Each structure stands twice: as structure tokens, then as C-alpha cells.
Amino acid sequence: MNRYRRLSLLIISTAAILLLAACSQSSEANKGTQNQPTQQATTKVAQGKKKLTIGIVNAPVTLNQINTQDNSASLAPIGLLNDALLDVTESAEFIPKLAESIKTKDKLNYTIKLRPDAKWNDGTPFTTADVAFTLKLALHADVETSFKLNFIEGLNDFGKLGKGVKEIAGLHVIDKHTFEIKAKTPIDPLVFNERFGAKVYYLPEHLLKDVDPAKLSTHPYFQKPDVTNGPYRFAAYEQGQYVELTKNEKYYLGAPKIDSIFFKVLPAANLVAQLQTGEVHMNSLPVGLVPITDYDKVKSFDNVNVTSASASEPAELFFNVEKLPNKKVRQAIAYALNRPLIVEQLLKGQAEIIDGGIPSSHPYFNKDITPYPYDPEKAKQLLQEAGFDSSRKLAFLIPIGNKVREQAADILVQNLEAVGLQIDVQQYDFPTLIDKVEKGEHDITIFTRDYYIEPSLYFTTYKSDDPESVIRYNNPVVDELIAQGEQEIDEAKRHEIYNRLQEVLHEDVPTLAVYSEKRLQVVSKDVLAGKPLNVGTFNNVNEWDLAVK
């Protein structure tokens, strides 16, 4: 379930954004607005120094680099405090970071060479000892992690070591700067690069080597991670309000030009206002969404540059399939929704309509699937055929904070009631909502997943044995296609598998996309170089620059 702890979501997101979206703004964010970041925090940087303020509308929930909870708001500061082996560019290319190279001859054994000059911000060299320490600790049976490494030999289906097992069979350290990872079966380098190269962050062995795995999550380090290996180092964190980072003077790729970066949590309306006043220099996607309804307003600001990104990971309905087992009911809901109205009126045409959770710009998006049209009469017919009890109320859980999504949800509720369904709307901050959907208290919920380069990650939630899935879906055909897709290394065959998988999911409707928004990226003209990527990551931040006034 951790994968859903986002806004944008993605994912999410939403998301996403990511994810996929791509997801939500919490009540903590709203609290943060009412209690704006303190003057003490905002004036820590001496006059004349460069301080970049990034606006976000979702509050980070953790700074734990081995258990990010897939929270997009957390990923932003975590990604500046910590480097991975690889970085991802705006065009989804992998480029070396901590790794000098990652090579494979057989797609089964991967050899990784670390940069010899990489080090922690206290000056200690970063070596394969840190890699081995982190993997053994994070994958320990008693430790929670967001790593998705079940493809490595010696790990179980959930990517963890068995109880009492301390060594990873697929990890072989060669020397201080070289190690090998052996997969259970040959895997696409794309899978390896995204899951291992770009999404695994490391822990300093010299600082944490004596920690008890069972007590790891409560260790003070994760409240104040002051020894990391990224371009910035921890300065301050007030939950629900801000995260402040200062530059790592010992950064192995060169000390950053900007002295400090301040992630400021605030509602979208305040974000727009402070982009205009210059108090915020840029929004961070996908957790700092500028409402599309403010597009014309933001475009009129003289002090910023505004661009529209490609359609993002969508806001998506997640059905509790155990409570709505008849696919005709789920299809009826798809027909009942007036998504064109949402896109044209609420989003001013700055969005796309798709049915699946994969953005249309993704290489594995099935372009042959036609979205369910708006057809309330067809919806009524399907509900009748399904024998649905019209007296039953459907619990529709909606995360608060993202105004566009909230307004879209209002329209969705009206659409559903118009075809005879009774809806019990329940609104929560995102963490509360996630707790409730994890317990299965919903019939329908809405949020955004993260963006994934590696396509199989989109389908994990549809596995019948996925303990984190909120949809409680069980389809042996889908399970088999997911397994085939994860193991297939021939790109053309993977496309065939995933196209078929998306067709089955489209027919079954365990989830349904509502709209894929073209997000607005707003950057102050005082920023001389740099902006966040649409997928929620940051590249070459040590080279970003800011004018001093």
C-alpha cells in the first residue's frame, strides 16, 4: 500500500505521478498554511546567499531513504539528500550517478562499478560496503522498505529475505568499488535500471552498523538524516510545513551553486499567490500542482515562465472489487461518468481521457483501447442486468487538498446519482484515506499513481496475491499475463503481453482513469538554471542557479 502514499500521485498524483500521479494534499498541508513556516526557519540563510523556495501542496511524510512509502512529496527532498546509482532525465534516459557503469552480457548477471570519488557528506568514502549493508538491512524480514527487488536471487516474491536469513544469494561484492547482482531469471535492463539503479538509496554503514533491524524505523537518524550522499544535506523538517536543506560542500559531483533549498507546504491557492509575489520560485510536480483553472492567471504573471507538460499519469478510480464483484456494475460506473465535461469545463481542455492507469505518452500505453463513452442509459441498463440493489449506498472516499480532483469528484458523484446509485461521500486527508482503503472500507476511491518507466510496476496492484493492493482483485488470466510480462526480455513480446493485459483490465474495470492532466510548470525568471521534471525528480541540481537580489 505504500506505493499509494503520494499525492500526486503519482503517482502518481498521481502519480505518478507520478504517481502515476501521480495524488493528494493532506490536511497537514492545510495546517501548514494556517501556520506558515516560521520566520526562524526561513531566515536561517544569511543575507546575500542563494535560497531557492519550492512550493508543494502535499506534505512529506518521511525522510527515510529506504522506506519512502512511495510518497511523492517525500521523494523530492529525499532525492536531493540521497543519490542513487543512476539518474533519470526528462526523456526517461538513465545516466550514471553513484555508479560509473552498469553492465550485463546475459541480462542475468549485472556488474556495477561505483564512482571511486563518491562519498558521504561527512567525508567518508561511499563503497560497496555501504551497498551490501543497505541491502541486507533494508531487505531484512523485520524491516519495512519501499525497494521492489524481488527479481534478485535469494529474495522471496515480496523482495525480502526469509526469516533468519542474513545473506543475499544474488549479491556478490568483488572489491570496494565493484559488485554484482544476479537475477533469478534474465530481466530487461530497463527493469534493473529503474528498480535497482534509480530507486535504491543507501545508508551509511559507518553510522548505522550496530542498529537492531527490529528497531530501525524508530532510530533518530531517520528523523534527522544528517549523513547522506546527495547534493544537499538535512537542515530542518517540520512535519506538514516545510523541509529545509543546505548544500553539501563535499558533494562528489561539485558543490551546488544554490546555498539552500526550502520545500514549502501550502495550499494551491497560496502557491499561486506566492509564485506571483516571488516568495516561491517554482512548483514541484506532481506534488505542487497549480490548478489548471488558474492557467490564465498564472500566464499573466510577469515574473515567471509557464510551460505545459505532456498528459500525466491520471487521476484514477480504484474499486473495491470484493464489494463490487460484478464487472457490469463497474462498467456501468464507467459509462455513467461524464469525463468529457470534466476535461472541457473543469480542466479547460488541458487533459486527456484514457481508461487505464498508464499515461498516453508511455511507450507501453495501448493506443487501440477506446475509452468508455459517456452513456448514462447504457449505465442504467448494465445496473439492471447486474441486478444491483439500488438501495445500497456506495462509500466513495475522496482525498482532500487537490481542488481540481475534489471538483471532478463532485461531478462524478452527480453522474453516479443520476443513474440511480446512492453515494456516501467521505473526505479525508490522504494518510487517513490510505489507512481506510487499506482496511477495505471503500467501495470506490480516487487518487493518482506514480509514474513508472518500467511498465510492470503499473500492474503490481492487479496481482491477486499483492498484500498492498486496495482493489482486492483476483483474475488468474491477469496474474498470468503479469508474470509473463515481468519475465519477458524481448521488447516486442512484452508489448504484446502488456497490450493484452490492458485489454483484459479494460473489460474488467478494476480501476478507471478519470483524466490525465497536462500539468503546469511555473518557474521564476530569477532561476537562472534548473526546474523539476514532470515525473517528480530533479536532475543536476548542483548546477542549478539563482539570481541574488
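This text goes with the structure placed above it.
This one's a predicted model, so the numbers in the text were calculated from it and none came from an experiment.

Q: Lay out the overall build of the protein chain in plain terms, naming residues and giving numbers.
A: Regarding its fold elements, the protein chain presents 16 helices and 20 strands. A globule of 549 residues ought to have a C-alpha radius of gyration of about 24 Å, and the protein chain, at 23 Å, matches this closely. In terms of its C-alpha atoms, the protein chain occupies a principal-axis envelope of roughly 70 × 55 × 40 Å. Of all 549 residues assigned to the protein chain, the portion counted as buried reaches 59%. Working note: accessible area of the protein chain is about 20800 Å², and carbon and sulfur atoms make up 47% of it.

Q: A description of the pattern of salt bridges should follow, citing residues and the corresponding values.
A: Oppositely charged side chains may form a pair once their charged atoms are brought near each other. Tallied over the full model, the rule gives 23 salt bridges. Where Arg115 meets Asp117, a salt bridge forms, and the shortest distance between an N and an O atom there is 2.8 Å. The exposure class assigned to Asp117 is partly exposed, which follows from its relative accessible area of 35%. In this structure, Arg494 engages Asp188 in a salt bridge whose closest nitrogen and oxygen atoms are separated by 3.4 Å. Taken together, the positions of Arg494 in helix H16 (residues 491-508) and Asp188 in the loop between strand E7 (178-182) and helix H5 (189-198) put the pair 306 residues apart, joining distant regions of the chain.

Q: Account for the packing of helix H10 (residues 339-346) against helix H12 (residues 403-418), naming residues and giving values.
A: When two helices pack together, their arrangement is given by the angle between the helix axes and by the axis-to-axis distance. At a minimum axis separation of 10 Å, H10 and H12 run at an interaxial angle of 140 degrees. Judged by the angle between their axes, H10 and H12 are oblique. When you trace H10 past H12, the crossing you get is right-handed. Taken together, the residues of H12 that come into contact with H10 (itself represented by Leu341, Ile342 and Leu346) are Val404, Gln407, Ala408, Ile411 and Leu412. For the contact of H10 with H12, the class distribution of residues is seven nonpolar, one polar and no charged.

Q: Please set out the side chain of Thr127 residue by residue, giving values where relevant.
A: Relative to the elements of secondary structure, Thr127 occurs in the loop between strand E5 (109-114) and helix H4 (128-138). For Thr127, a relative accessible area of 12% corresponds to the buried category. Apart from the residues lying within four places of it in its own chain, the contact partners of Thr127 are Leu114 and Lys176.

Q: Account for the environment of Thr460, naming residues and giving values.
A: Position of Thr460 relative to the elements: it lies in the loop between helix H14 (456-459) and helix H15 (476-487). A relative accessible area of 15% means that Thr460 is categorised as buried. Measuring from C-alpha to C-alpha, the distance between Thr460 and Leu80 comes to 27 Å, with 380 residues separating the pair along the chain.

Q: Explain the environment of Ile369 to me, using residue names and the numbers behind them.
A: Along the chain, Ile369 falls in the loop between strand E14 (351-352) and helix H11 (376-386). A sequence separation of 15 residues divides Ile369 from Ile354, and the C-alpha atoms of the two residues are 8.5 Å apart. What Ile369 contacts, discounting residues up to four positions off in sequence, is Gln502, Glu503 and His506.

Q: Please give an account of helix H13 (residues 430-438) that cites residues and values.
A: Residues of H13 that are buried: Phe430, Leu433, Ile434 and Val437. All buried residues of H13 project into a common sector of 100 degrees when viewed along the axis, lining one side. If you follow the buried residues of H13, they end up packed against strand E15 (393-399), strand E16 (422-428) and strand E17 (444-447). Positive backbone phi, at 80 degrees, marks Gly440, one or two positions downstream of H13.

Q: Can you tell me about the packing of aromatic side chains, naming the residues and giving the values?
A: How two aromatic rings sit relative to each other is set out by the distance from centre to centre and by the angle between their planes. Per the stated rule, a full pass over the model turns up 19 aromatic pairs. Judged by centre distance (4.9 Å) and plane angle (55 degrees), the ring pair of Tyr251 and Tyr252 falls under tilted. Given the relative accessible area of 9%, Tyr252 is considered buried. Grouping aromatic residues by their ring pairs yields a cluster made of Tyr110, Phe151, Phe179, Phe192 and Phe196. If you follow Lys51 out to its NZ or CZ, it ends over the ring of Phe262, 4.7 Å from the centre.

Q: Give a description of the sheet that holds strand E4 (residues 99-104) that names residues and reports values.
A: Taken in spatial order, the four strands of this open sheet run E4-E5-E7-E6, and their pairing is antiparallel. Strand pairing shows two members of the sheet lacking a second neighbour, E4 and strand E6 (171-175), which therefore form its edges. Ignoring strand direction, the axes of neighbouring strands in this sheet form an average angle of 20 degrees. Of the pairings in the sheet, the one linking E5 to E7 comprises five bridges and is antiparallel in character. Its bridge partner lying in E7, Asn109 is registered against Lys182.

Q: Help me get a handle on the packing of H15 against H16, residues and values and all.
A: Axis separation between H15 and H16 bottoms out at 9 Å; the angle between their running directions is 155 degrees. On the basis of the axis angle, H15 is roughly antiparallel to H16. You can see that H15 and H16 cross each other, and the crossing is left-handed. Each of Val477, Val478, Leu481, Ile482, Gln484, Gly485 and Glu486 in H15 lies in contact with H16, whose residues at this interface are Arg494, Ile497, Tyr498, Arg500, Leu501, Val504 and Leu505. Residues that form the contact of H15 with H16 fall into these classes: nine nonpolar, two polar and three charged.

Q: Before we move on, can you summarise helix H3 (residues 72-81) with the specific residues and values?
A: Most of H3 sits out of view: eight of its 10 residues are buried. Regarding H3, the residues found buried are Ser72, Ala73, Ser74, Ala76, Pro77, Ile78, Leu80 and Leu81. The elements touched by buried residues of H3 are strand E8 (232-238), strand E9 (242-247) and strand E10 (260-265).

Thresholds, definitions, all that
- Residues numbered from 1 in each chain as written.
- Predicted model: local features only at pLDDT ≥ 70, side-chain atom pairs only at ≥ 80, totals over all residues.
- Heavy atoms only, no water.
- Helix = DSSP H or I, 4+ residues; strand = E, 2+ residues; numbered from the N terminus.
- Rg over C-alpha atoms; globule rule 2.2 N^0.38 Å.
- Buried < 20%, exposed > 50% of the residue type's maximum accessible area, 1.4 Å probe, protein only.
- Areas by Shrake-Rupley, 256 points an atom, 1.4 Å probe, with all protein chains shown as cover.
- Salt bridge = Lys/Arg side-chain N within 4 Å of Asp/Glu carboxyl O.
- Axes fitted to C-alpha atoms, helices over the stretch in contact; angles between N-to-C directions.
- Parallel < 35°, antiparallel > 145°, perpendicular 65-115°, else oblique.
- Left-handed = near helix turned anticlockwise from the far one by under 90°.
- Contact = heavy atoms within 4.5 Å.
- Nonpolar A, V, L, I, M, F, W, Y, C, P; charged D, E, K, R; others polar.
- Arc of directions from axis to C-beta.
- Phe/Tyr/Trp six-rings, centres within 6.5 Å; stacked < 30°, edge-to-face > 60°.
- Lys NZ or Arg CZ within 6 Å of the ring centre and 35° of its normal.
- Pairing = 2+ DSSP bridges.

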